[in-house]
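Per-entry structural report
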Amino acid sequence: MPYPYSLEEINQRAKFDAEGFVQECEAIYSRKVLEAAAMIKDNSGRCNVVFLSGPSGSGKTTTALKISSALESIGIHATTVSLDKYYKPYDPETSPHLENGEVDLESPYCLDLELLNEHFHALKNGDEVLIPHYSFKLRARDLSKEKPLRLGPGKIVIFEGIHALNDMLCGEHPEAFKIYISAHSDIEKNGALLFKRAWTRLLRRVVRDERFRDTDALETLKLWINVQHGEMQYITPYKHKANLLFDSTMPYEIPVMKRFALRAFSDVQDGAAIFDELATLLPALNAFEEVDPGLVPPDSVIREFIGGGIFKY
């Protein structure tokens, strides 16, 4: 179960044994990945489909890839598929919208639920399917990038995405192995809450969006309000369905993220709609010692957000 980490302990390790601190945290994460792989293997006789869900910034994609590698090491061939590939082509009349008229990308109704369930059944039966590819730039499917997939003995597919545990997707497949991943752990200072678990995911998203998605911190912060609303409505109500709750918190990560996040937040002006949140978050962030990002291993989940990793997304 998740538990609060101590700022005092984090700063002590970050200041005097940063390399050992990083290695220790990564070793714990690797053990959790191996445990997940073993549980999936045990369930593979019942079902060869795995659902991995979690809110934005949880590290779903990297963790799914790491579990896939761990399964390979114990003789199970694994493929990962992002549910983002199943977005429906944009239709101004049928696509779900927010009150401001923008598409509600947090809604499960953006996904082609009928096609997903059709593919789940086909894969369980050993039939071949064509995995679609959705272009967010075109807001349409790219038929040239469809890929065939068939599962046989000793083969697993991991479907990962924010809605993977929603009843509309996995409700008809109770035998599938289900994982819910999130950064579950808070950070305390002198026994009092200092850094909320949701802030860990927010920092991950702010840093990733600023570095790789050409989206500044203010824009990400504005979107974050709807992201959290979507989580409460569409994601967290289904986490109890998971066979495994996976805490993706890395105790050393805030010290690594600090320099990236402060640079991203530097352009957010006082008076912005979200500034009240930053007025609390920034002092908490400044309480952490820094850790050199160069110490982060190339296969770490943290590389999903700061870059320089070995996985392709």
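In short, a report on the structure. The residue count restarts for each chain, going from 1 along the sequence in the order it is written. For a predicted model such as this one, the threshold for reporting local features is a pLDDT of at least 70, and the threshold for listing and counting side-chain atom pairs is 80 or more; totals across whole chains, interfaces and linings nevertheless cover every residue. Hydrogen atoms and water are omitted, and side-chain values are computed over all heavy atoms in the structure.

**Side note on the sheet that holds strand E11 (residues 192-195)**
Taken in spatial order, the three strands make up an open sheet running E1-E10-E11, and their pairing is mixed. The outermost strands of the open sheet, each flanked by one partner alone, are strand E1 (5-6) and E11. Of the strand pairs in this sheet, strand E10 (residues 187-189) and E11 are connected by three bridges, and their pairing is antiparallel. In the strand pairing of E11, Ile-187 is matched with Phe-195. For two strands to count as paired, DSSP must find a minimum of two bridges between them. Put simply, DSSP marks the helices as runs of H or I at least four residues long and the strands as runs of E at least two long, and each gets a number from the N terminus on.

**Some thoughts on helix H4 (residues 113-124)**
Given a helix with a known number of residues, its expected span is that number minus one, times 1.5 Å. Along its twelve residues, H4 runs 17 Å from first to last C-alpha, staying within 8% of the 16 Å computed at 1.5 Å per residue. A 1.4 Å probe rolled over the protein chains alone gives each residue an accessible area, and that area as a share of the maximum for its type sets the label: buried under 20%, exposed over 50%, partly exposed in between. Three or more residues of H4 are buried, namely Leu-113, Leu-115, Leu-116, Asn-117, His-119, Phe-120, Ala-122 and Leu-123. By definition in these notes, contact holds between two residues if any of their heavy atoms fall within 4.5 Å. Structurally, H4 contributes buried residues whose contacts are with strand E2 (49-53), strand E4 (129-131), strand E6 (140-141), strand E7 (147-149), strand E8 (155-160) and helix H5 (167-170). Two residues or fewer past H4, Gly-126 is found with a positive phi of approximately 85°.

**As for the sheet that holds E8**
Spatial strand order, E3-E8-E2-E9-E12: five strands in an open sheet with parallel pairing. Unpaired on one side and paired on the other, strand E3 (77-82) and strand E12 (244-247) mark the two borders of the sheet. Neighbour-to-neighbour, the strand axes of this sheet turn through a mean angle of 25°, independent of strand direction. Taken together, the four bridges between E2 and strand E9 (residues 177-182) define a ladder with parallel strand orientation. Pairing of Phe-51 across the sheet is with Lys-178, part of E9. Every angle, taken between N-to-C directions, lies between 0 and 180 degrees, and every axis is a line fitted to C-alpha atoms, over only the stretch in contact when it is a helix.

**Points about the packing of aromatic side chains**
Whether two aromatic rings pair depends on their centres lying within 6.5 Å, for rings of Phe, Tyr and Trp, where Trp uses its six-membered ring; planes under 30 degrees apart make the pair stacked, over 60 edge-to-face, and the rest tilted. On inspection of all chains with the given rule, the structure shows ten aromatic pairs. Feature note: the residues Phe-51, Tyr-86, Phe-120 and Phe-159 constitute an aromatic cluster, connected by ring pairs. Whether a charge lies above a ring is judged from NZ of Lys or CZ of Arg, which has to be within 6 Å of the ring centre and within 35 degrees of the ring normal. Here the guanidinium or amino end of Arg-139 rests over the ring plane of Tyr-90, the centre of that ring lying 3.9 Å away.

**Comments concerning the packing of helix H6 (residues 197-212) against helix H8 (residues 253-265)**
Where H6 meets H8, the axes come as close as 9 Å, and the angle between the chain directions of the two elements is 55°. As the angle between them shows, H6 and H8 are arranged oblique. Crossing angle aside, the handedness with which H6 passes H8 is left-handed. Listed contacts from H8 to Thr-200, Leu-203, Arg-204, Val-206, Val-207, Glu-210 and Arg-211 of H6 are Glu-253, Ile-254, Met-257, Phe-260, Ala-261, Arg-263, Ala-264 and Phe-265. Oblique is the label for any angle not under 35 degrees, not over 145, and not in the 65 to 115 range, which are roughly parallel, roughly antiparallel and roughly perpendicular in turn. Here a crossing is called left-handed whenever its near helix is offset anticlockwise from the far helix by less than a right angle, and right-handed whenever the offset is clockwise.

**A short note on the environment of Val-207**
Here Val-207 is to be found in helix H6. The spatial distance from the C-alpha of Val-207 to the C-alpha of Gly-230 is 21 Å, given a sequence separation of 23 residues. Sequence-distant contacts of Val-207, that is, excluding residues within four places in its chain, are made with Met-257, Phe-260, Ala-261, Phe-305 and Ile-306.

**Observations concerning a negative patch on the surface**
Taken together, Glu-102, Glu-210, Asp-214, Asp-216, Glu-219 and Asp-267 make up a surface patch of like negative charges. For Glu-219, the position within the fold is in helix H7 (residues 217-235). Among the residues examined, Glu-219 registers a relative accessible area of 36% and is labelled partly exposed. Within this analysis, patches are made of residues with over 30% relative accessible area and no salt bridge. Like charges are joined at 9 Å or less; nonpolar side chains (Val, Leu, Ile, Met, Phe, Trp, Tyr) at 5 Å or less. Reported accessibility uses the Shrake-Rupley method at a 1.4 Å probe radius. Residues are deemed covered only where the shown protein chains occlude them. Any Lys or Arg side-chain nitrogen found within 4 Å of a carboxyl oxygen on Asp or Glu counts as a salt bridge. We count Lys and Arg on the positive side and Asp and Glu on the negative side, and we leave His and both chain ends out. We put the charge of a Lys on NZ, of an Arg on CZ, of an Asp on CG and of a Glu on CD.

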